[in-house]
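Here is how the chains run, residue by residue.
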Amino acid sequence: MAAEDGRRGEKKGADAVAARKAKQQGGFRTMPFILANDFCDRLASVGFTSNLITYLTLQMHIPLVQASNIITNYNGTANLTPLVGGLIADSFAGRFWTITFGSFFYQLGMVCLTLSAALPSLHPPPCAKHAADCHRASSYQVAVLYLSLLCTSIGTGGTRPCTMAFGADQLELAGRRRGAGAARPKWSFFNLYFFAVELAKLTAVTAVVYVQENVGWGWGLGVPTIAMLAAVIAFVSGYSLYVRMPPGGSPLVRLAQVAAAAFKKRKVAVPDPSLLYQDKELDAGISTTGRLLHTDQLKFFDRAAIVTDGDMLPSGEPNPWRLATVHRVEELKSIIRILPICAAGIILVTSSSHNHSFAIQQARTLDRDLTPRFKIPPASMLIFTNLAMLLTLAFYDRVLVRVLRRLTGRPNGITHLQRTGVGLTIAMLSNAVAAVVERRRRSVAVASGLLDSPKATLPMSVFWLVPQFAIHGVANAFMDVGRMEFLYDQAPESMRSTAAALYWLTFSIGSYLGTLLVTIVHAKTKGSGQWLPDNLNRGKLDNYYWLVVALEVANLVYFFVCVKYYTFKPVETVGGEEEVELYNGNGNMKKQGGGFKQ
C-alpha cells in the first residue's frame, strides 16, 4: 500500500513538473528564435530572387522573356511545395520538425546556387566588350541552376506553411495553458511577423543586391547562404522553449471520410441539427481551442453526422468512413468556404509578378545616379515596396487600428476580409501608375533618339518608378496580412499549416499564370508590334500593364461577391468553469453560462 501511495506521489510530482514546464513554454520569449529564422530565410530567398533577372540575363546570358518565365516558374514551384509541407506538418511531423528539415534543404539549395556563381565552370564566360552576341549557359550549367532552385523550392515547402502558424501557436496555446481564458489569435503577431519579413527584404534589396552588383555574384549569393545557416541555428537553439502542438492525423483523410460518409447517406433526410452526432472525446485532439458549431451552409455534408444502422464498430466507436462528428463536418465546410476567398489572391500575384522582372529591366534603362560615384542597383528599387509596407504596417498597428476600433467596436478594427479588399483596390492603382510611367519612359526614348539603344541610359530619373513600387507596398500591408489573418482564423485549428499553405498556393498558381500571361502576350503580339521584346524601348509594356489592371478589376468584383456570401465559422470555447464563449471569427464574441452545449 505504501509502495502504491509512493508511486501515486511520484506521478503527481511528475505531472506538476510537466505542468510547470508547459507554463514556461511559448509566449513572446520564443519570438526572437522564430522571427530570426524567418528573417534569415527571407534575407536568403529575397537576396537572390530580387535580382535573379539580372543574374539570368547578364551572367547566364538568357533572353529576357525566357528569364522572366524561369523566375515565375521558380516562384510557382517554391509556392506549390508548401501545400505538401503543410500536410506533412499537420499529419505526422509537426511544425517544428517540418520547419527544421525544410531549412536544411533550403540551405543545400543556397550552397549549390553559390557554387554555380563562384565556380567558372558552372557559368558562361563574360561577354566581350563589343560583342554583339554572348555565349549562353550550357545545358549542364542550366541543369545545376535548376537543381539549386529545386532544392530551395523543397526547402520553402517546409518553412513557409509552418513558420507563421508556429509563431501564432506560441501566443495562443501558451495563453490558454496559463489560464488566459478563451485565447484568440494575436493579430498583432501577424503585423510583427510581416514587419520582420519586410525588414529582411529591405536588407536584401539594399546590402545584398549592392554586393551582387559591385563585388560579385559569388559573395552576393554567399551572404544569403551564410544568413540561412544562421537561421537554422537560431531556430533549433530555441527547441526547449517552444509550445509544440502535436499533429492531429492527416487532415486530408478526415476530409475524405466526411465526404465519403455524406455521399453514402445522400438519400437520407437531414434531421434537426441538434440530432446530429457529436463526440467531445473523439474530437479532443483536434479541437483544443474550441469546437466548431453547426452552420446552415453546405447542408449536403451534414448527412455524414446522421447516425444510421451499421455506423458503429464492434468496439463502440464510430466507423469514420460512415459517421463523422459535427466538428469534423464543419472542418470540411470551413475549408470549402475558404477556397473561393483564397482564389482571389491568384490574380493579385499575377499582377505583381512583373515587379521582379520587367520593372527591374525598366530601371536599368533609366538614370540611376545618386552621386557621381554611386548608382542605385535596378533590383534595389524594390526597397520602396519594402519601405512603404514597413511604414504602413507600423501606422496600421499603432494608429489606424485604434481609430478603427473606436469606430467599429471590433478588436482588430476591421475584419480580415475588409482589410484584404482595401489592399486589392490599392493594388490596381499601382499597375495603372506603372502603365502611365512606362508610356512616359518610352516617349523619352523616342525624343532622345534611343529607340534602338536598349543598353543606353535615358535622360529620365529612375525615381519615376518609385510610386508604382511604393503603392504596391501599401497594398501588400493590407492584403498580405489580411489574407493570412483570415486563413489562420477561419481554418480548423488542426489544419492551420495546411491553410497557410493555401496562402502560398495562390502565389504558386499566380506565378504560373504570370508565365502563361507573358507567354500568350508575347506570342499574340509578334505580328502587330511586340509588347514584350528584349528591347523595351521598342515594346509596348504599358499595354501589358493596362491588361493587368483589367484583370484586377474583374478579380475585385469576384472578391466582393465571395465576401457577400461568406459565413464566418462559429467556435464554442470554454472561458471559465461555467462560462462559454461563442466566437464567430468576425471579431464578435458572445458569452453564455452553462458549459458546452450539445
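Reading the values: rules and limits
Residues numbered from 1 in each chain as written. Predicted model: local features only at pLDDT ≥ 70, side-chain atom pairs only at ≥ 80, totals over all residues. Heavy atoms only, no water. UniProt positions renumbered as here; feature names shortened; annotations may be inferred. Helix = DSSP H or I, 4+ residues; strand = E, 2+ residues; numbered from the N terminus. Expected span 1.5 Å × (residues − 1). Bend = angle between axes of the 7 residues up to and from the residue. Buried < 20%, exposed > 50% of the residue type's maximum accessible area, 1.4 Å probe, protein only. Polar contact = N/O pair within 3.5 Å; in protein donor to acceptor, adjacent residues only side chain to side chain. Contact = heavy atoms within 4.5 Å. Phe/Tyr/Trp six-rings, centres within 6.5 Å; stacked < 30°, edge-to-face > 60°. Lys NZ or Arg CZ within 6 Å of the ring centre and 35° of its normal. Axes fitted to C-alpha atoms, helices over the stretch in contact; angles between N-to-C directions. Left-handed = near helix turned anticlockwise from the far one by under 90°. Nonpolar A, V, L, I, M, F, W, Y, C, P; charged D, E, K, R; others polar.

By the naming in an unreviewed UniProt entry, the protein chain is Protein NRT1/ PTR FAMILY 3.1, taken from Urochloa decumbens. Listed under Sequence similarities (unreviewed entry) in UniProt, the entry text for the protein chain is "Belongs to the major facilitator superfamily. Proton-dependent oligopeptide transporter (POT/PTR) (TC 2.A.17) family." Here is the UniProt Subcellular location (unreviewed entry) comment for the protein chain, exactly as written: "Membrane".

> Quick question: what am I supposed to make of helix α16 (residues 466–490) here?
Three or four residues apart is the spacing at which side chains of an α-helix point the same way, because the helix has 3.6 residues per turn. Given a rise of 1.5 Å per residue, 25 residues ought to cover 36 Å, and the 36 Å separating the end C-alpha atoms of α16 matches this to within 8%. At asparagine 476, α16 is deflected by roughly 30°, the largest bend along its length. Counting buried positions along α16 gives 22 out of 25 residues, so the element sits mostly inside the fold.

> I would appreciate a short explanation of unusual backbone geometry in the present structure.
Glycine aside, residues mostly have negative phi angles, and peptide bonds mostly take the trans form. Notably, histidine 61 is not glycine yet its phi reads approximately 60°, a positive angle. Here histidine 61 shows up in the loop between α3 (52–59) and α4 (64–78). What makes histidine 61 buried here is its relative accessible area of 8%. In this model, leucine 298 sits at a positive phi of 50°, which is unusual for a non-glycine residue.

> Just to check I follow, could you spell out the side chain of glutamine 212 for this structure?
Summarising the element assignment, glutamine 212 is placed in helix α8 (residues 187–214). At 3.3 Å, the side chain of glutamine 212 and the backbone oxygen of glycine 220 are in polar contact. Discounting residues that sit within four places of it in the chain, glutamine 212 has contacts with Gly47, Phe48, Asn51, Trp217, Gly220 and Leu221.

> I tried to follow the packing of aromatic side chains on my own but got confused; where do I start?
Note on aromatic pairs: each is described by the distance of the centres and the angle between the planes. Tallying each qualifying case throughout the model produces 19 aromatic pairs. Ring centres of phenylalanine 96 and tryptophan 97 lie 4.9 Å apart, and the angle between their planes is 80°; on these two criteria the pair is classed as edge-to-face. For phenylalanine 96, a relative accessible area of 3% translates into the label buried. Plain terms: the ring middles of tryptophan 97 and phenylalanine 101 are 6.3 Å apart, the flat faces sit at 40° to each other, and that makes the pair tilted. You can see tryptophan 97 and its partner phenylalanine 101 sitting in helix α6 (residues 95–118), four residues apart, about one turn around the helix. Assessed through its relative accessible area of 41%, tryptophan 97 is described here as partly exposed. Given a relative accessible area of 52%, phenylalanine 101 falls into the exposed group. Grouped by ring-pair contacts, the aromatic residues Phe96, Trp97, Phe101, Phe166, Phe235, Tyr239 and Tyr242 constitute a single cluster. Sitting over the ring of phenylalanine 263, arginine 266 keeps its end group 4.1 Å from the ring centre.

> Please explain the packing of α16 against helix α17 (residues 496–524) as it appears in this structure.
The angle between the axes and the distance between the axes are what describe a pair of packed helices. At a closest axis distance of 9 Å, the pairing of α16 and α17 adopts a crossing angle of 145°. Crossing of α16 over α17 shows right-handed handedness. Residue-level inspection shows Asp480, Arg483, Met484, Leu487 and Tyr488 of α16 in contact with α17, the latter providing Arg496, Ala499, Ala500, Tyr503, Thr506 and Phe507. By residue class, the composition of the contact of α16 with α17 is seven nonpolar, one polar and three charged.

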